[in-house]
Each structure stands twice: as C-alpha cells, then as structure tokens.
Amino acid sequence: MRVSRLILSAAIALSSSAAMAQTAVRFALDWRFEGPAAPYFVALDKGYYKAEGLDVTIDPGASSVEPINRVATGTYQMGFADINSLVKYRDNTQNPPVKAVMMVYDTPAFSIVTLKDKGISKPKDLEGKTLGAPAPDGAYAQWPIFVAANDIDASKVKIENIGFPVREPMLAQGRVDAITGFWFSSYMNLKANGVKDEDIVVLLMRDFGVDLYGNALMANPDFAKNNPKAVAGFVKATIKGIQETIKDPESAIDALMKRNAIANRDVELQRLKMSLERNFVSPDVLKNGLGDVDTARFEKAIDQIGLTFKYTNKPKVSDVFTNEFLPPLDQRMVK
C-alpha cells in the first residue's frame, strides 16, 4: 500500500507539474509602449495568456518592419508588424515562410498629416509642397500607391528624408508642409509639440484609395508548426484583450501605464481611443469579427503593393496569411 501511495503521489506531482508548465513566448511589438499596445498588457494582466498555457514576454520595437526579421530568425516566436511589408518579404523565396495569423489593424494607420495653415485638404494639394518622410516609414512605403490612386504629379512634391524623432517637430516648426506616419502617433506627437487639435489635418490613406490592411500578428514558422496550440492560444488571448480594451479603454490604459511610467496617461488614452475607432474596429470587423481578412480585398491589396515593389515571385494570400489559428466567429465579435 505504501508503494501504491508513493506511485500515486508521484503521478499527482507529475500531473500538477505538467499542468503548471508554460510555453515561453517572446512577443515583439512594432513600436514603443504606447496606447495602441494596451490590449496585449490587458491580456497579460488578466491572465488570458497564462490560461492558454503561455508565459509571454512583450518587448518594444523600432518600426513596423523590424518584428518580421525578429520573428523570422526565431529570436521572437510572435510579432506585431506591417502585413504589407510581409508581402514584400515573402516575395523572396529564400526568406523563412513567416505568416500572419491574425489581422489586428483592419484599417492601416498609414496617413499624410499636415496643418490647417498649409492649405492641404486633399491629396492633389500636396503638389508644390514639401513632404517629410522617414525612409523606413511604413506609411511612406505606400506613397506610390497614394500617388497613383489620387493622380498626383509626384514630380511636383519635394520629398525630404527626415528621422522619426524630428518628424512631427519639423512639421510643427513649418520646416516641412506635411509628413507621412501612423496617424494616431503623429497626431499626438504634434499635440505634444504645442499644436492644437483643430489645426491638425489627417488624410488617412485608406480614405483615399490605398485599400491595404495594416499591422497583424505574425508567428515564427517553426514555432507555429511545432506549437500550434500555443499560437492559437496566443491569438485567442489577444482577441480577448482587444475585446476588453474596446469595452473599457480607461481601465486598459492602466495596464500600459504600469510598463511606461513616464508616459502621459491622458495622451496615451486618447491615442488608444483613436486607434480603436479607426484601426482596430472597422465596418468589416463589426460584421465579420476580429482577426480575419477578406481574400478578395487582400488580393487587390497585393496588386496595389506591386505599385511600390517589383515582384519576382508574387506571393498569394495563402503565402502571407492563415486563419487556421483563429477561434470560432462567436468568440471574435466586438461585444
């Protein structure tokens, strides 16, 4: 009997240890710990990742392209990056077959941002102006599409390559007439430079013919193959974090502030609300739920990307995105 009890105790201990085992996931953001990143910290603090058997670490990034390489090398198992950059990345068949597993920004944040006194209220007004654009900027990468969609004479627009840190200050100081950028970040950065709300003009590229998707969750291909439940769990938990954030952004921002004590809470809350309204939640998302893409729309987007990039091995939608890790539709609706 003593032997039986010992065996039973050992079995219980092993079972408990297995139940407590967590799969480590390093997650790379596209940018700093700002408002739009709040849903991931909500999911972390509420235990949504842990409930899926995941031990998640979240790190900031330096651009919407950087996480693709981080995920491709396996340094990070999951990342949040621009899916249009991933389309270009997958054109090279020598690159690892990274795929997006969840669409997050159904409407991309790509924009042209200017000031009211510059007299730019529509795309054609950029002719004769100076556009400040960091060379690696995700929004600037779509400039050829924006030009073609709006019949802009690009030869009449002076492009000035400027750094990310000086982009909004240069616009506020009048040293450029407009800038490219993620609209919610440029908007709030301009306010931080003393520009009033009523003086900021945003031309969201999707409103002017650039019908692309935005940032998405991406998974390392080997990790996804060997740990499909972990990827599905990460996606499920993230969706729950987004749903909670939509319901209560004021509480969600507190989860972010714990990781960025020097941030201004009101600024980050406004930045979060702006991204929720225009990027996370769209008419398509309200109808079809969070996370998936419309294949026909994405095919057209890949064609549009061809205006900015000469394909060698043009990828298909299935090369770039998979919905196999998404939970059922009823769990993905905006509540």
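Residues numbered from 1 in each chain as written. Predicted model: local features only at pLDDT ≥ 70, side-chain atom pairs only at ≥ 80, totals over all residues. Heavy atoms only, no water.

(A) View of the layout of surface pockets. Of the voids in this model, the largest pocket is the one considered here, and its volume is about 440 Å³. Lining the largest pocket are 26 residues, and of these Trp31, Glu34, Arg167, Phe182 and Ser185 lie nearest its centre. Listed by contribution, the elements that provide at least two residues to the lining of the largest pocket are helix 7 (167-172), strand 8 (178-182) and helix 8 (183-192). No other element matches helix 8, which puts 3 residues into the lining of the largest pocket. When the residues that make up the lining of the largest pocket are grouped by side-chain class, the tally is 13 nonpolar, 6 polar and 7 charged. Volume-wise, the second largest pocket comes out at about 170 Å³. Counting residues per element, the lining of the second largest pocket draws most heavily on helix 13 (residues 283-288), at 3 residues. (1 Å grid on protein atoms, 1.4 Å probe; cavity = no way out; pocket = protein on both sides within 12 Å on 5 of 7 lines; lining within 4 Å. Points joined across faces, edges and corners; volume = space filled by probe spheres on them. Helix = DSSP H or I, 4+ residues; strand = E, 2+ residues; numbered from the N terminus. Nonpolar A, V, L, I, M, F, W, Y, C, P; charged D, E, K, R; others polar.)

(B) Structural context of the sheet that holds strand 8. Ordered by their spatial adjacency, 5 strands build an open sheet running 7-6-8-5-9, and the pairing between neighbours is mixed. At either margin of the open sheet sits one strand with a lone partner, and together these are strand 7 (158-160) and strand 9 (200-204). Across the sheet, the mean angle separating the axes of adjacent strands is 30° when strand polarity is ignored. In this structure, strand 6 (residues 130-132) lies alongside strand 7, joined through 3 bridges in parallel fashion. Within strand 7, the position partnered with Thr130 by the bridge is Lys158. (Pairing = 2+ DSSP bridges. Axes fitted to C-alpha atoms, helices over the stretch in contact; angles between N-to-C directions.)

(C) Focus on the pattern of salt bridges. Overall, the coordinates contain 26 salt bridges when judged by the stated rule. In this structure, Asp106 engages Arg297 in a salt bridge whose closest nitrogen and oxygen atoms are separated by 3.2 Å. On the criterion of sequence distance, the pair formed by Asp106 in the loop between strand 4 (99-103) and strand 5 (110-115) and Arg297 in helix 14 (residues 295-305) is long-range, its members being 191 residues apart. Given the relative accessible area of 4%, Asp106 is considered buried. For Arg297, a relative accessible area of 7% translates into the label buried. (Salt bridge = Lys/Arg side-chain N within 4 Å of Asp/Glu carboxyl O. Buried < 20%, exposed > 50% of the residue type's maximum accessible area, 1.4 Å probe, protein only.)

(D) Fine view of the pairing of strand 9. Among the 5 residues that make up strand 9, 4 are buried, leaving the element largely enclosed by the rest of the structure. Bridge analysis of strand 5 against strand 9 gives 5 bridges, and the strand direction is antiparallel. Paired with Ser111 across the two strands is Leu204, which belongs to strand 9.

(E) Spotlight on helix 5 (residues 83-91). The buried fraction of helix 5 amounts to 8 of the 9 residues, a majority that puts the element mostly inside the structure. Inspection of helix 5 places Ile83, Asn84, Ser85, Leu86, Val87, Tyr89, Arg90 and Asp91 among the buried residues, and these make up the whole buried set.

(F) Representation of the pairing of strand 1 (residues 23-28) within the structure. Taken together, the 6 bridges between strand 1 and strand 2 (residues 54-59) define a ladder with parallel strand orientation. When the bridges of strand 2 are listed, Arg26 appears paired with Thr57. Across 2 bridges, the pairing between strand 1 and strand 3 (residues 78-82) is parallel. Bridge assignment links Ala28 to a residue of strand 3, and that residue is Gly79.

(G) Summary view of the sheet that holds strand 10 (residues 215-219). Taken together, 5 strands build an open sheet; the order of strands is 2-1-3-10-4 and the sheet is mixed. Sheet topology places strand 2 and strand 4 at the edges, where each strand pairs with a single neighbour. Here the strands of the sheet are splayed against their neighbours by 30° on average, with no regard to which way each runs. Along the sheet, helix 2 (residues 38-45) contacts strand 1, strand 2, strand 3 and strand 10; its crossing angle with strand 2, the most-contacted strand, is approximately 150°. (Contact = heavy atoms within 4.5 Å.)

(H) Representation of helix 10 (residues 228-247) within the structure. Compared with an ideal rise of 1.5 Å per residue, which puts 20 residues at 28 Å, helix 10 spans 29 Å between its outermost C-alpha atoms and is within 8% of the ideal. Of the residues making up helix 10, those classed as buried are Ala230, Val231, Gly233, Phe234, Val235, Ala237, Thr238, Ile239, Gly241, Ile242, Gln243 and Thr245. (Expected span 1.5 Å × (residues − 1).)

(I) Here's a closer look at the packing of helix 5 against helix 14. Where helix 5 meets helix 14, the axes come as close as 11 Å, and the angle between the chain directions of the two elements is 70°. Judged by the inter-axis angle, helix 5 sits roughly perpendicular to helix 14. With respect to the hand of their crossing, helix 5 and helix 14 are arranged in right-handed fashion. Residues Ile83, Asn84, Val87 and Lys88 of helix 5 pack against Phe298, Ile302 and Ile305 of helix 14. Of the residues that constitute the contact of helix 5 with helix 14, the class distribution is 5 nonpolar, 1 polar and 1 charged. (Parallel < 35°, antiparallel > 145°, perpendicular 65-115°, else oblique. Left-handed = near helix turned anticlockwise from the far one by under 90°.)

(J) Summary view of the side chain of Arg271. Within the secondary structure, Arg271 is located in helix 12 (residues 265-280). Among the residues examined, Arg271 registers a relative accessible area of 3% and is labelled buried. Ignoring anything within four residues of it in the chain, the contact list for Arg271 reads Glu34, Gly35, Pro36, Phe184, Ser185, Met188 and Asn189.

(K) View of the packing of aromatic side chains. For the structure on display, the rule yields 17 aromatic pairs. Ring geometry for Phe309 versus Tyr311: centroids 5.7 Å apart, planes at 75°, classification edge-to-face. Overall, Tyr311 belongs to the buried group, its relative accessible area being 18%. What links up through ring pairs into an aromatic cluster is the set Phe27, Tyr40, Tyr49, Phe80, Tyr105, Phe110, Phe182, Trp183, Phe184, Tyr187, Phe234 and Phe280. Across the ring face of Tyr76, the terminal group of Arg26 is positioned such that the distance to the ring centre comes to 4.2 Å. (Phe/Tyr/Trp six-rings, centres within 6.5 Å; stacked < 30°, edge-to-face > 60°. Lys NZ or Arg CZ within 6 Å of the ring centre and 35° of its normal.)

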